[in-house]
Amino acid sequence: MVADCGANCARWLLCLANFIFICVSTGVLIVGTWLAADKASFINLTLNITTSKYSPASPFVSEDAEKILKEFVEPAVIEQAAYILIAAGAFILVISFLGYCGAIKESRVLLTAYGIFLIIIFALQVALILLCTLYKSQADHHSKGFLKSTLSKYYTTGDNKDAVTLSWDLIMAQMSCCGVDGYEDFRTARLFVEKSSAEGLGRQVPESCCILTGDPLLSKPADPSCIISPTQSNSYLSTGCYDKFSFMVTENLNLVIGVVVVVAATQLLAIIFAFCLCRAVGQERDYHYKY
């Protein structure tokens, strides 16, 4: 065990931080695996806990909240969320396990692997920021292309919405925008066009593109005719979500920079602690070998 005070502080800080990440990522991984293996039981349990009259949570769950909850536990949404949770949980668990075991066992191999992983992640983040800054127009073009492809391939309306549709509805309702560049994006949304034709209402936009009343999550248009005849007065038909998000980032640039600096500083500290502890362990072993 290292005798140096600074190395010991680094060791226990790494142990504590990575133990917390191990617990969180394990929980995420368990939930994701449960959803992937038996989503029916998760849906039933969630609905029973929140909507049963005998549930302690039932007094706090209104009819509107129950409707929102049922949309978010649709099988298609659960299935897509499961794979995201499994991937995120497994990735964080592996890296945290290396850091925790390397610190607690004072293993130079594990600490080095942990430090290298963090350096790679840090370098990728820096490279991404630089590329987005230097090639902003190309980055905007590719980002818009990806977002529009999610609309054109997956966005739908009516019952049995998937995770992509619910995510877009949530974004548009909360940010008061419509599509990537505007309402015309929905003309190329294949599933949306098919479902709209089957409805026979002459729908032009989803409810989430309209000026809403009440809870935004419920997507209730203030003007019921908005989905058929969207105008500047009853909808956000010309306000694209991409430009709205870019404006919000610019308006809150100090906050964004602060978050980036905090995340980068945390990663750098973890890298420094890992290699300082690794060096201290090596020196300690060399000392014992010599004497």
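Note that the structure is predicted; figures quoted are calculated from it, not measured.

What counts, and at which threshold
- Residue positions are given per chain, counting from 1 as you read along its sequence in written order.
- Given that this is a predicted model, residues contribute local features only at a pLDDT of at least 70 and side-chain atom pairs are listed and counted only at 80 or more, while totals for whole chains, interfaces and linings are drawn from all residues.
- Values shown for side chains rest on all heavy atoms present in the structure; no hydrogens or waters enter the calculation.
- Only a pair of cysteine sulfur atoms within 2.5 Å counts as a disulfide in this structure description.
- Secondary structure elements are taken from DSSP: a helix is a run of H or I of four residues or more, a strand is a run of E of two residues or more, and numbering for both begins at the N terminus.
- Note on exposure labels: buried denotes an accessible area under 20% of the residue type's maximum, exposed denotes more than 50%, and partly exposed covers the range between, all computed with a 1.4 Å probe on protein chains only.
- Residues forming no salt bridge and having over 30% relative accessible area are the ones grouped into patches, like charges within 9 Å of each other and nonpolar side chains (Val, Leu, Ile, Met, Phe, Trp, Tyr) within 5 Å.
- Note on areas: Shrake-Rupley with a 1.4 Å probe; residue coverage comes only from the protein chains shown.
- Here, a salt bridge means any Lys or Arg side-chain nitrogen found within 4 Å of an Asp or Glu carboxyl oxygen.
- Nine residue types can take part in a nonpolar core, namely buried Ala, Val, Leu, Ile, Met, Phe, Trp, Tyr and Cys, and a core is a set of them joined through side-chain atoms within 4.5 Å.
- Here, two residues are considered to be in contact whenever any of their heavy atoms come within 4.5 Å of each other.
- Here the axes come from fitting lines to C-alpha atoms, over the contacting stretch only for helices, and the angles between their N-to-C directions go from 0 to 180 degrees.
- Our angle categories are set so that under 35 degrees counts as roughly parallel, over 145 as roughly antiparallel, 65 to 115 as roughly perpendicular, and the remainder as oblique.
- Crossing chirality is assigned from the near helix's rotation relative to the far helix, an anticlockwise turn below a right angle marking it left-handed and a clockwise turn marking it right-handed.
- Each residue gets one of three labels, nonpolar for Ala, Val, Leu, Ile, Met, Phe, Trp, Tyr, Cys and Pro, charged for Asp, Glu, Lys and Arg, and polar for the others, Gly among them.
- Given the number of residues in a helix, its expected span is that number minus one, multiplied by 1.5 Å.

## As for the state of the cysteines
Then step 1. Inspection of every chain in the model, using the stated rule, returns three disulfides.
Then step 2. Shown here is the disulfide that connects Cys 177 with Cys 241, its sulfur atoms set 2.0 Å apart. On the S-S bond that ties Cys 177 to Cys 241, the torsion sits near 90°, and the link is right-handed. With a gap of 64 residues between them, Cys 177 in the loop between helix H7 (163-175) and helix H8 (190-199) and Cys 241 in helix H9 (residues 241-251) connect regions that are remote in the sequence.
Then step 3. The disulfide partner of Cys 210 is Cys 226, and the S-S distance across this bridge is 2.0 Å. Its S-S torsion of approximately -100° makes the covalent link between Cys 210 and Cys 226 left-handed. Placement of the pair is Cys 210 in the loop between H8 and H9 and Cys 226 in the loop between H8 and H9, with a sequence separation of 16 residues. Per residue, the accessibility class of Cys 210 equals that of Cys 226, and both read buried.
Then step 4. Sequential numbering of the bridged cysteines in the protein gives the disulfide pattern 1-6, 2-3, 4-5.
Then step 5. Here Cys 15 is not disulfide-linked; the sulfur of Cys 101 is the nearest cysteine sulfur, at 9.1 Å.

## Topic: a nonpolar patch on the surface
Then step 1. Taken together, Ile 129, Leu 253, Val 256, Ile 257, Val 260 and Val 261 make up a surface patch of nonpolar side chains, about 470 Å² in accessible area.
Then step 2. With five residues, the single largest contributor to the nonpolar patch is helix H10 (residues 253-290).
Then step 3. Examined against the element boundaries, Ile 257 turns out to sit in helix H10.

## Remarks on the nonpolar core
The nonpolar side chains of a soluble globular protein tend to be buried, and buried together.
Then step 1. Counting 20 residues, the largest nonpolar core has Leu 151, Tyr 155, Trp 168, Met 172, Phe 186, Cys 209 and Cys 210 as its most contacted members.
Then step 2. Secondary structure elements with two or more residues in this core: H7 and H9.
Then step 3. When near neighbours in sequence (up to four residues on either side) are disregarded, Phe 186 contacts Leu 151, Tyr 155, Met 172, Cys 178, Gly 179, Phe 192, Val 193, Gln 204, Pro 206 and Cys 209.
Then step 4. Counting 16 residues, the second largest nonpolar core, distinct from the first, contains Leu 14, Ala 103, Tyr 114 and Ala 280.

## Observations regarding unusual backbone geometry
Then step 1. The backbone phi angle of Glu 106 is positive, close to 55°, even though this residue is not glycine.
Then step 2. In this structure, Glu 106 sits in the loop between helix H4 (75-104) and helix H5 (108-134).
Then step 3. In this structure Glu 106 comes out as buried when scored by relative accessible area, which is 8%.
Then step 4. Look at Ser 176: it is not a glycine, yet its phi comes out positive at around 55°.
Then step 5. With respect to the helices, strands and loops of the structure, Ser 176 is situated in the loop between H7 and H8.

## Some thoughts on the packing of helix H6 (residues 136-154) against H7
Then step 1. Between H6 and H7, whose axes approach to 10 Å, the crossing angle comes to 125°. Regarding the angle of H6 to H7, the classification is oblique. Crossing of H6 over H7 shows left-handed handedness. On H7, the residues touching Leu 147, Thr 150, Leu 151 and Tyr 154 of H6 are Val 164, Thr 165 and Trp 168.
Then step 2. Taken together, the residues that form the contact of H6 with H7 break down as five nonpolar, two polar and no charged.

## Some points on the environment of Ile 104
Then step 1. Within the element layout of this structure, Ile 104 appears in helix H4.
Then step 2. Owing to a relative accessible area of 27%, Ile 104 belongs among the partly exposed residues under this scheme.
Then step 3. In this structure, the C-alpha to C-alpha distance between Ile 104 and Leu 16, residues 88 residues apart in sequence, is 10.0 Å.
Then step 4. In this structure Ile 104 touches Arg 11, Trp 12 and Cys 15, once residues within four positions along its chain are discounted.

## Brief notes about the environment of Cys 101
Then step 1. Looking at the secondary structure, you find Cys 101 in helix H4.
Then step 2. Through-space distance from the C-alpha of Cys 101 to that of Cys 15 is 7.9 Å; in sequence the pair is 86 residues apart.
Then step 3. The residues touching Cys 101, leaving out its near neighbours within four places in the chain, are Glu 106 and Leu 110.

## Overview of H7
Then step 1. For H7, built from 13 residues, the straight-helix expectation of 18 Å at 1.5 Å per residue is met to within 8% by its first-to-last C-alpha distance of 18 Å.
Then step 2. Looking at H7, one finds that the buried residues are Ala 163, Thr 165, Leu 166, Trp 168, Asp 169, Met 172, Ala 173 and Met 175.

## With respect to the pattern of salt bridges
When charged atoms on two side chains of opposite charge get close, those side chains can pair.
Then step 1. Across all of its chains, the model carries eight salt bridges by this definition.
Then step 2. Two residues, Lys 136 and Asp 140, come together in a salt bridge whose shortest N-O distance is 3.0 Å. Residue Lys 136 and its partner Asp 140 are both found in helix H6; the two are separated by four residues, about one turn of the helix.
Then step 3. Residues Arg 203 and Glu 207 are paired through a salt bridge, measuring 3.1 Å at the closest nitrogen-oxygen approach.
Then step 4. For Arg 203, a relative accessible area of 9% translates into the label buried.
Then step 5. Taking the relative accessible area as the measure of exposure, Glu 207 reaches 21% and is therefore partly exposed.
Then step 6. Linked through salt bridges whose partners overlap, the residues forming this network are Lys 144, Lys 148, Asp 181 and Asp 185.

These values are about where atoms sit, not about what they do.
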